[in-house]
Amino acid sequence: MNNIDTANSDFNSVNSDSFKVYVGMDDTDSASGMCTTYICCVIMDRLKACGFRVDGPPRLIRLNPFAPYKTRGNGAVSFKMVLKSEKEIINAKKLIFDLVNELSVMEDPKTNPGLVFYEGEVTPELQSFALKTIRTIVKQAEAEKLADKLGVELFKFKKGRGIIGSLAAIGCPLDDVTYELLAYRDPANYGKKRLVDAESVREMNRKTYPDTFDNLDEGYVAITPHTPCPVLYGIRGETEDAVLEAHKLVNVSEPIERFKVFITNQHTDMHLQVAGNIAKMEQFQCYIVKGQVKDLPVVIEGGHVIFTLIDESGEVECAAYEPTKQFRELVRQLFPGDQLIVYGGIGRKGTLNVEKIQIINLAALYKYVNPLCECGKRMKSAGTGKGYKCPQCGNKIRNDAKEKVKVERTLKKGFYEVPPSARRHLSKPLVRGT
Ligand code: ATP
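Residues numbered from 1 in each chain as written. Predicted model: local features only at pLDDT ≥ 70, side-chain atom pairs only at ≥ 80, totals over all residues. Heavy atoms only, no water.

K.L.:
Account for the overall build of the chain, with residues named and values stated.
P.N.:
Scanning the chain from N- to C-terminus turns up eight helices and 24 strands. For the chain, the spread of C-alpha atoms along the three principal axes comes to 105 × 50 × 40 Å. Out of the 434 residues in the chain, the part that is buried amounts to 51%. Taking contacts inside the chain between residues at least 6 apart in sequence as the whole, the part at least 24 apart equals 70%. As presented, the chain carries roughly 20,300 Å² of accessible surface, and 51% of it is formed by carbon and sulfur atoms. Within the chain, the 55 negative side-chain charges are centred at a point lying 8 Å from the centre of the 61 positive side-chain charges. (Helix = DSSP H or I, 4+ residues; strand = E, 2+ residues; numbered from the N terminus. Buried < 20%, exposed > 50% of the residue type's maximum accessible area, 1.4 Å probe, protein only. Contact = heavy atoms within 4.5 Å. Areas by Shrake-Rupley, 256 points an atom, 1.4 Å probe, with all protein chains shown as cover. Lys, Arg positive; Asp, Glu negative; His and termini not counted. Charge placed at Lys NZ, Arg CZ, Asp CG, Glu CD.)

K.L.:
Hey, could you go over the domain arrangement of the chain for me, with residue numbers and the actual values?
P.N.:
Taken domain by domain, the chain comprises domain 1 (20-171), domain 2 (178-264) and domain 3 (272-364 + 410-432). A separation of 34 Å is found between the C-alpha centroids of domain 1 and domain 3. If you look at the interface, domain 1 gives ten residues, while domain 3 gives twelve residues. For the domain 1 face of the interface with domain 3, the top three residues by lost area are Arg62, Phe66 and Arg135, together amounting to 63%. Taken together, domain 1 and domain 3 are joined by zero salt bridges. Summed over the shared surface of domain 1 and domain 3, the number is one residue pair in polar contact (both at pLDDT 80 or more). Classifying every residue of the side of domain 1 that touches domain 3 by side-chain character gives five nonpolar, three polar and two charged. (Domains from an automatic or database assignment. Buried area = accessible area lost by both parts, 1.4 Å probe. Salt bridge = Lys/Arg side-chain N within 4 Å of Asp/Glu carboxyl O. Polar contact = N/O pair within 3.5 Å; in protein donor to acceptor, adjacent residues only side chain to side chain. Nonpolar A, V, L, I, M, F, W, Y, C, P; charged D, E, K, R; others polar.)

K.L.:
Explain the side chain of Thr28 to me, using residue names and the numbers behind them.
P.N.:
Relative to the helices and strands, Thr28 resides in the loop between strand 1 (19-26) and helix 1 (36-49). A distance of 2.8 Å separates polar atoms of two side chains, one belonging to Thr28 and the other to Thr36. Among residues more than four places away in sequence, those in contact with Thr28 are Cys35, Thr36, Ile39, Val100, Ser104, Val105, Thr111 and Pro113.

K.L.:
Describe the site of the ligand, with residues and values.
P.N.:
Near the ligand lie 23 residues; those nearest to it are Asp26, Asp27, Thr71, Arg72 and Asn74. Interatomic distance of 2.6 Å between a side-chain N/O atom of Asp27 and an oxygen atom of the ligand. The separation between an oxygen atom of the ligand and a polar main-chain atom of Arg72 is 2.6 Å. Considering the ligand on its own, with 640 Å² of exposed area, one finds that the protein chains cover 97% of that surface. Residues that form the shell around the ligand fall into these classes: six nonpolar, ten polar and seven charged. (Near = heavy atom within 4 Å.)

K.L.:
Before we move on, could you go through the nonpolar core and cite the residues and values that matter?
P.N.:
Soluble, globular proteins show a tendency: their nonpolar side chains are buried together. Ranked by size, the top nonpolar core spans 44 residues in total, and within it Leu126, Phe129, Tyr233, Ile235 and Val250 carry the most contacts. Looking at this core element by element, the count peaks at six residues for helix 5 (residues 163-171). Both domains that furnish three or more residues to this core are identified here as domain 1 (20-171) and domain 2 (178-264). Setting aside residues up to four positions removed in sequence, Ile235 forms contacts with Tyr179, Glu180, Leu181, Met204, Thr212, Asn215, Ile223, Val243, Ala246, His247 and Val250. In terms of nonpolar packing, the next biggest core, distinct from the first, is built from 35 residues, Ile43, Leu60, Val105 and Tyr184 among them. (Core = buried A, V, L, I, M, F, W, Y, C linked by side-chain atoms within 4.5 Å.)

K.L.:
Let's hear about the packing of aromatic side chains: which residues, and what values?
P.N.:
Throughout the structure, instances matching the rule amount to seven aromatic pairs. Ring centres of Phe117 and Phe155 lie 5.8 Å apart, and the angle between their planes is 75 degrees; this geometry places the pair in the edge-to-face category. Linking Phe117 in strand 4 (residues 114-118) with Phe155 in strand 5 (residues 153-156), this pair joins segments that are 38 residues apart in sequence. Directly above the ring of Tyr69 sits Arg161, whose terminal nitrogen or CZ lies 3.4 Å from the centroid. Directly above the aromatic system of Tyr366 lies the positively charged group of Lys404, at a separation of 4.3 Å from the ring centroid. (Phe/Tyr/Trp six-rings, centres within 6.5 Å; stacked < 30°, edge-to-face > 60°. Lys NZ or Arg CZ within 6 Å of the ring centre and 35° of its normal.)

K.L.:
Describe the sheet that holds strand 2 (residues 53-62), listing the residues and the values that go with them.
P.N.:
Spatial strand order, 5-4-1-3-2-11-6-10-7: nine strands in an open sheet with mixed pairing. Each end of this open sheet is capped by a strand with a single partner; those strands are strand 5 and strand 7 (212-213). As judged from the six bridges shared by strand 6 (residues 178-185) and strand 10 (residues 231-237), these two strands associate in the antiparallel manner. Among the inter-strand pairings, Tyr184 is bridged to a residue of strand 10, identified as Val231. (Pairing = 2+ DSSP bridges.)

K.L.:
Residues and numbers for the pairing of strand 11 (residues 256-264), please.
P.N.:
Sheet faces and side chains relate simply in a regular strand, where the side chains alternate between the two faces. As paired elements, strand 2 and strand 11 share two bridges and run parallel to each other. What sits directly across from Leu60, in strand 11, is Thr264. Judged from the eight bridges that link them, strand 6 and strand 11 form a sheet pairing that is antiparallel. Along strand 11, the bridge assignment pairs Tyr179 with Ile263.

K.L.:
Which residues make up the pairing of strand 18 (residues 352-361), and what values go with them?
P.N.:
With seven of its ten residues buried, strand 18 lies for the most part within the structure. Pairing of strand 16 (residues 314-320) with strand 18 involves two bridges; the strand directions are parallel. Counted as the bridge partner of Ala319 is Asn353 from strand 18. Connecting the antiparallel pair strand 17 (residues 339-346) and strand 18 is a turn made up of five residues, with Gly350 showing a positive phi of about 85 degrees. One ladder, built from four bridges, connects strand 18 with strand 24 (residues 414-417); its direction is antiparallel. Residue pairing for strand 24: Ile357 is matched across the bridge by Tyr416.

K.L.:
So what's going on with the packing of helix 4 (residues 140-150) against helix 5? Which residues, and what values?
P.N.:
Look at helix 4 against helix 5: their axes get within 9 Å of each other, and the N-to-C directions meet at 50 degrees. With respect to helix 5, the element helix 4 is oriented oblique. As for how helix 4 packs across helix 5, the hand of that crossing is left-handed. Mapping the contact onto sequence places Gln140, Ala143, Glu144 and Ala147 in helix 4 and Ile163, Ile164 and Leu167 in helix 5. Looking at the contact of helix 4 with helix 5, its residues break down into five nonpolar, one polar and one charged. (Axes fitted to C-alpha atoms, helices over the stretch in contact; angles between N-to-C directions. Parallel < 35°, antiparallel > 145°, perpendicular 65-115°, else oblique. Left-handed = near helix turned anticlockwise from the far one by under 90°.)

Here it is, written out as structure tokens:
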């Protein structure tokens, strides 16, 4: 894999005349506009234009999808500067601070930006904090305590909750990575229909899949968001080259103000923890859990499909919600006794939101039918307690017992996943491997 991230490993490569400064930021946007990735790009471009050195690609780190204060996809960003003097550090920090202050949606009561600067080594403790933020819910006080211990410089705008994500974006270890190229709109077009040529996206997909993925969903363009944010489209892929190549193939009828490739933990399953058993799973965390289907799946109001997964420790309600579309059809075919490994997260109501399943074993399914006659024809009941009679040859039998016949299951063992439009940012698509 083309791993161009240097953020966690190259402390020594910065020579003695240079100073390395990590920058993390989060919680700058609101549901009605802006995007932390965009602010990051504007800042990086401005830094470069002013002669400051930004090293490597920016990082887009997705955090716990169940975090209570998230706006959309719970993403935080970070990047690294390599600067020549204390004066440069002061000037670069001021430039960044001013732009975060200017571009964040401060008027939204739910926006509480955080900006952090860190001149030290990414320690195991900082990495653990990042993983904790990706897998559990953390308190702001914990982030502040860690920052204090490591000597991280924190800037809190309003409540400053964004410092949690900012620290995590710097600390997140990236072993498995993907890349996302984000193209941004001219601000004059924010909120307007996105003018991306669908056929060119299909062609791009034909040429670059699976090096890029999640471009289409049932033939429809999946790279454009549906929010009024600055993003025109995002192309996800295995390497920086793949997403750059794909970007060249997409035709648009509106200006692209700027674009940037982020290195990211998206689509790596980093949010999932292996659950020892069902009883050990906690709300607002994501798991890989093994169990058996307890009851027949049911469709509830809204088109959601629900079933119960059971093991020796307890049971949990599992849901394939309406947005998972055709995946629900698969879930509806599950049968009591089917053995599964379920990948998903426990939401507000304690239900496991299914992202992927592996069917390990299918329960044997039987039906009871009238016996076959010696002549080969299926017999008919001769009346209660009177056995069966053949409608073809008239043969009669007194025995009332039905014949147990194995039913061929339409489902097959293997992995199944929700479609791209319903996929969590952190969920690893099957095309990336299992
Ligand atoms: P977007 O994806 O559009 O950038 P978002 O969905 O990332 O928006 P934010 O506006 O960044 O949402 O808000 C998320 C807030 O929750 C941030 O303040 C972040 O620091 C905080 N946060 C993120 N993960 C956790 C967590 N695991 N525990 C507690 N707080 C968290």
